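Understanding the architecture of this molecule
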Amino acid sequence: MNHHHQHIFNNLTAALECTRTLDRMGLQISKMDLSGSKPRIVVLNDAKCSQLNAIPRTYIGAGKQYQRCMTTLLDGCQIDYTVRGH
């Protein structure tokens, strides 16, 4: 394998394994980015996200409305989802 492609191959392999795990958990993937140091996968917020044991990364607030961006690592990938509320 061309050494220039090794990073992409590693990210694809990790993303595939993580996709399988998220599917078994019943979570729906909305976005995937393979360009960083590790794959980043965004899932739709759902009660099933509690299985991820994610921690808050950022808060975005305006008045009584807020968004909390949650993040965790799974199978070598960064998993993110957004909690919206008031």
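In what follows, the accompanying structure is described. Residue numbers here run from 1 along each chain, matching the order of that chain's written sequence. For a predicted model such as this one, the threshold for reporting local features is a pLDDT of at least 70, and the threshold for listing and counting side-chain atom pairs is 80 or more; totals across whole chains, interfaces and linings nevertheless cover every residue. Side-chain metrics rest on all non-hydrogen atoms present in the structure, leaving aside hydrogens and water.

In this section: the pairing of strand β3 (residues 55–62). The side chains of a regular strand alternate, residue by residue, between the two faces of the sheet. The buried count for β3 comes to 0 of 8 residues, which makes it a mostly uncovered element. Paired strands, in this sense, are two strands between which DSSP finds at least two bridges. Numbered from the N terminus, helices here are DSSP runs of H or I no shorter than four residues, and strands are runs of E no shorter than two. As defined by bridge partners, β3 adjoins strand β4 (residues 65–74) across 7 bridges and the pair is classed as antiparallel. Considered in β4, the bridge of I55 is made with T71. Buried residues are those whose accessible area, probed at 1.4 Å on protein chains only, stays under 20% of the maximum for their type, while exposed residues exceed 50% and partly exposed ones sit between those limits.

This part covers the side chain of T21. Summarising the element assignment, T21 is placed in helix α1 (residues 6–25). Its relative accessible area of 13% is what places T21 among the buried residues. Only heavy atoms matter for contacts: two residues are in contact if any of them lie within 4.5 Å across the pair. Once residues within four sequence positions are removed from consideration, T21 is found in contact with L74 and D75.

Alignment of β4 against strand β5 (residues 77–85), held across 9 bridges, turns out to be antiparallel. Paired with T72 across the bridge in β5 is I79. In this structure, the hairpin formed by β4 and β5 is closed by a connection of 2 residues, where D75 is found at a positive phi of approximately 50°.

Strands sit in the order β1-β2-β5-β4-β3 across an open sheet of 5 strands; the sheet is mixed. The two strands at the open ends of the sheet, each matched to only one other strand, are β1 (29–33) and β3. Across this sheet, the average inter-strand angle for adjacent strands is 20°, counted without regard to direction. Where helices are involved, their axes are fitted lines through C-alpha atoms of the stretch in contact, as for all axes, and angles between N-to-C directions lie from 0 to 180°. Contacts between α1 and the sheet are confined to β1, β2 (40–43), β4 and β5, with β5 contributing the most and set at about 45° to the helix.

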